[in-house]
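# Residue-level structure breakdown
So you can see what is in the structure, the chains are spelled out below.
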Amino acid sequence: MRWSADPASGTAAAPQELPPCTSCGKGRLARDRVRTALWHGRRLVVVEDIPALVCDRCGERFYDDDTALALDRMRGAGFPPQRALHHLEVPVFAFEPARGPGGSATGDGGGNAPE
Ligand SMILES: [Zn+2]
C-alpha cells in the first residue's frame, strides 16, 4: 500500500499542453495571476489576483469560464466599498493631442541667401 501524495491525482482532466495564443497566434500561454482595472458605472475599480492565461509574446490575457463568471458576479454585486482590500488614489489626465512637427519654427524670411 502506497500513500498518494497528490490529493488531485484521481482526476487527470487538466491538459498539460496549453493552447497557443489566439490573439497573436504565436505566443505561448502561461498560467499567472493578474490585476485588472475596470469601470463600474462612474467608479474605477481594481481586481487583483485573478487567475489568467497570459501570452508571453503579446501580453494578451485569457480568463477561463469560471473566472469570467466570478468577475461577472463581482460586477453584479456592485463592488461594495467595504469589501475593498484598500483604496488607491488615481491621477487623471486630459488627453493631449500631438502637435505637428516644427510648430514653433518661425523663419524670418530675410532673403539673405549666401552664394
Ligand atoms: Zn499573444
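A brief structural summary. None of these values were measured; they are calculated from a predicted model.

Reading the values: rules and limits
Residues numbered from 1 in each chain as written. Predicted model: local features only at pLDDT ≥ 70, side-chain atom pairs only at ≥ 80, totals over all residues. Heavy atoms only, no water. Helix = DSSP H or I, 4+ residues; strand = E, 2+ residues; numbered from the N terminus. Contact = heavy atoms within 4.5 Å. Areas by Shrake-Rupley, 256 points an atom, 1.4 Å probe, with all protein chains shown as cover. Donors = N, O, S within 2.8 Å, 3.2 Å for Na, K, Ca; no water. Tetrahedral: all angles 85-135°; square planar, octahedral: opposite > 155°, others 65-115°. Buried < 20%, exposed > 50% of the residue type's maximum accessible area, 1.4 Å probe, protein only.

Moving on: the overall build of the chain. Across its full length, the chain holds one helix and three strands. Its helices and strands taken in sequence order, the chain reads β-β-β-α from the N to the C terminus. Taking all contacts inside the chain whose residues are at least 6 apart in sequence as the whole, residues at least 24 apart take part in 47%. Of the roughly 10700 Å² of accessible surface on the chain, a fraction of 53% belongs to carbon and sulfur atoms.

This part covers the coordination of the zinc ion. Taken together, Cys 21 (SG), Cys 24 (SG), Cys 55 (SG) and Cys 58 (SG) make up the protein donors of the zinc ion, found 2.3 Å from the metal. Classification of the site at the zinc ion as tetrahedral follows from its four donor atoms and the range of 105 to 116 degrees in their angles at the metal. The sequence pattern describing where the donors of the zinc ion fall on their chain is C-x2-C-x30-C-x2-C. Separated by 31 residues along the polypeptide, Cys 24 in the segment before strand S1 (29-40) and Cys 55 in strand S2 (residues 43-55) bring together distant segments of the chain. For Cys 55, a relative accessible area of 4% corresponds to the buried category.

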